[in-house]
Amino acid sequence: LVRAVVETFSSYCLHRPLLLRRPAALLLLAGASLMSSCTTVRQGEIGVKRTLGRLDQQVVLSGPKAFNLFLTTIIKVPVTTQNLEIRSSLPSKEGLSIASDISILYRVKADQVPNVLQTTGLAYENILILPVFRSAAADVCARYLAKDMHSAERSVIEKAILTQMNGVLITRGFEIENVLLK
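Residues numbered from 1 in each chain as written. Predicted model: local features only at pLDDT ≥ 70, side-chain atom pairs only at ≥ 80, totals over all residues. Heavy atoms only, no water.

S.K.: Help me understand unusual backbone geometry in this model?
M.R.: Working note: non-glycine residues mostly have negative phi, and peptide bonds are mostly trans. Residues other than glycine seldom take positive phi values, yet Leu52 does so here, at roughly 50°. Here Leu52 is to be found in the loop between strand 2 (45-51) and strand 3 (54-60). (Helix = DSSP H or I, 4+ residues; strand = E, 2+ residues; numbered from the N terminus.)

S.K.: What is the right way to look at the packing of aromatic side chains in this model?
M.R.: Given two aromatic rings, one states the distance between the centres and the angle between the planes to describe the pair. Going through the model one piece at a time under the given rule, you end up with two aromatic pairs. Where Tyr106 meets Tyr124, the ring centres are 6.4 Å apart and the plane angle is 85°; that geometry is what we call edge-to-face. Here the residue Tyr106 occupies a position in strand 7 (residues 97-108), and Tyr124 occupies one in helix 4 (residues 124-141), the gap between them amounting to 18 residues. Of the two residues, Tyr106 and Tyr124, both sit in the buried class. (Phe/Tyr/Trp six-rings, centres within 6.5 Å; stacked < 30°, edge-to-face > 60°. Buried < 20%, exposed > 50% of the residue type's maximum accessible area, 1.4 Å probe, protein only.)

S.K.: What should I look at first to understand the pairing of strand 7 in this one?
M.R.: The two faces of the sheet receive side chains in turn, since in a regular strand these alternate between them. Relative to strand 7, strand 6 (residues 82-91) runs antiparallel, the two sharing ten bridges. Within strand 7, the position partnered with Ser89 by the bridge is Ala99. Turn length for the strand 6-strand 7 hairpin, with the two strands adjacent in sequence and antiparallel, is five residues, and the turn residue Gly95 shows positive phi of about 90°. As defined by bridge partners, strand 7 adjoins strand 8 (residues 174-181) across seven bridges and the pair is classed as antiparallel. Residue pairing for strand 8: Tyr106 is matched across the bridge by Ile176. (Pairing = 2+ DSSP bridges.)

Geometric values such as these leave the question of function open.
If you want it as structure tokens, here you go:
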């Protein structure tokens, strides 16, 4: 389709005087600029405008959005529940290392997205969530025996890790919904 448009435009311009070629080229350039300065913020995402390096504190809700192509970008952050899967070795009370698969279900609070981007950036999983989890998991699991991690005590361990993580992350704009040990 693009190739056909370019060929049609080229053949049109070749048969027109030079003065008529410029408005057509300018019109094509203006149309291309207009199309590239639009984006769609999807359901489950929040957008934040960044103009000349400064983040706007007002969030952009879902739907089509236009912005200044040369000065502004819209950063999109998912606010739906995310699943972060980790394979880790957890310490037990008797000093053993227990290999575990863990799922962390979390979400970014919609009203806190500008603050999250300002303080942590888009790599928040590696910068904030994983280190907080590793610290909380090591602290909580070291209080329990290895056999407790495979029994009914597992739900108590999961809730303790969840509570400790939320204590740190809720003020930073994140909500840990669940921690699942497997």
